[in-house]
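Understanding the architecture of this molecule
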Amino acid sequence: MPRELEEAALVDGCSRLSAFWRVALPVAAPGLVATALLCFIFAWNEFMFALFLMREIRTLPVLIPCLIGGHEILWGAISAMGLLSIIPPVLIAVLLQKYVIRGMTFGAIKG
C-alpha cells in the first residue's frame with residue numbers, strides 16, 4: 001500500500017486511527033481476506049496432525065478412512081462424509097470470492 005494514501009488522508013484532516021479505518025484497512029482488506037481463506041483451507045485439510053496427535057476425538061477427514069473395513073467398504077457413508085467435509089471451505093470461498101478476486105487484481109494495470 002502506498003504511504004502517500006495515508007499521508008493524503010492525514011493532510012485532509014483524518015487522525016491516524018481514522019486514516020487507518022478509512023484508507024489503509026479498505027486497501028488491505030482483500031489481501032487479508034485471501035490470507036484468511038487460505039489459512040482456513042490449510043487448517044481444514046490438515047490430515048496428518050489430526051491423525052497422529054488426536055486419540056479419542058477425531059476430525060472429519062480422519063474419520064473417512066476409518067469407514068474402510070477389512071471385508072466391507074461403506075461407500076454411502078464415505079460419500080456423505082466427503083460431501084460434508086467439502087461444504088464449509090467451498091461455502092466460505094464462495095462468500096468471500098469478491099474479496100479474493102479484488103485482492104488478485106488490485107495491482108493490475110487498468111487500461
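Residues numbered from 1 in each chain as written. Predicted model: local features only at pLDDT ≥ 70, side-chain atom pairs only at ≥ 80, totals over all residues. Heavy atoms only, no water.

Description of the side chain of Ser-85
Among the structural elements, Ser-85 can be located in helix H5 (residues 75–95). Ser-85 gets classed as buried once you look at its relative accessible area, which sits at 13%. Among the polar contacts made by the side chain of Ser-85, one reaches the main-chain carbonyl oxygen of Gly-82 at a distance of 2.9 Å. Each residue touching Ser-85, except ones within four places of it in the same chain, is listed here: Trp-44, Leu-60 and Ile-64. (Helix = DSSP H or I, 4+ residues; strand = E, 2+ residues; numbered from the N terminus. Buried < 20%, exposed > 50% of the residue type's maximum accessible area, 1.4 Å probe, protein only. Polar contact = N/O pair within 3.5 Å; in protein donor to acceptor, adjacent residues only side chain to side chain. Contact = heavy atoms within 4.5 Å.)

With respect to the packing of aromatic side chains
Scanning all chains against the criterion turns up 1 aromatic pair. With a centroid separation of 5.9 Å and an interplanar angle of 75°, the aromatic rings of Phe-20 and Trp-21 are classed as edge-to-face. Accessibility expressed as a relative area gives 39% for Phe-20, which makes it partly exposed. (Phe/Tyr/Trp six-rings, centres within 6.5 Å; stacked < 30°, edge-to-face > 60°.)

A word on the packing of helix H2 (residues 16–44) against H5
It is at 10 Å that the axes of H2 and H5 come closest, and there the two elements cross at 175°. In terms of orientation, H2 and H5 fall into the roughly antiparallel class. Together, Leu-37, Phe-40, Ile-41 and Trp-44 of H2 and Ser-85, Pro-88, Pro-89, Ile-92 and Ala-93 of H5 make up the contact between the two elements. Taken together, the residues of the contact of H2 with H5 sort by class into 8 nonpolar, 1 polar and no charged. (Axes fitted to C-alpha atoms, helices over the stretch in contact; angles between N-to-C directions. Parallel < 35°, antiparallel > 145°, perpendicular 65-115°, else oblique. Nonpolar A, V, L, I, M, F, W, Y, C, P; charged D, E, K, R; others polar.)

Quick word on H2
Over its 29 residues, H2 extends only 37 Å from the first C-alpha to the last, a length that falls short of the 42 Å expected when each residue adds 1.5 Å. If you look at H2, its biggest bend is around 50°, right at Leu-25, and the proline Pro-26 turns up within four residues after that. Looking only at H2, the buried set comprises Ser-18, Ala-19, Val-23, Ala-24, Pro-30, Val-33 and Leu-37. (Expected span 1.5 Å × (residues − 1). Bend = angle between axes of the 7 residues up to and from the residue.)

Here's the deal with a nonpolar patch on the surface
Together, Met-48, Phe-49, Leu-51, Phe-52, Leu-53, Met-54 and Ile-57 give the surface a local cluster of nonpolar side chains, amounting to about 740 Å² of exposed area. For Phe-49, the position within the fold is in helix H3 (residues 47–53). (Patch = residues over 30% accessible without salt bridge, like charges linked within 9 Å, V, L, I, M, F, W, Y side chains within 5 Å. Areas by Shrake-Rupley, 256 points an atom, 1.4 Å probe, with all protein chains shown as cover. Salt bridge = Lys/Arg side-chain N within 4 Å of Asp/Glu carboxyl O.)

What to know about the packing of helix H1 (residues 3–11) against H2
Running from amino to carboxyl end, H1 crosses H2 at an angle of 145°, the nearest separation of the two axes being 9 Å. Note on packing geometry: the crossing formed by H1 with H2 is right-handed. Residues Arg-3, Leu-5, Glu-6, Ala-9 and Leu-10 of H1 pack against Arg-16, Ala-19, Val-23 and Val-27 of H2. Residues of the contact of H1 with H2, tallied by class, amount to 6 nonpolar, no polar and 3 charged. (Left-handed = near helix turned anticlockwise from the far one by under 90°.)

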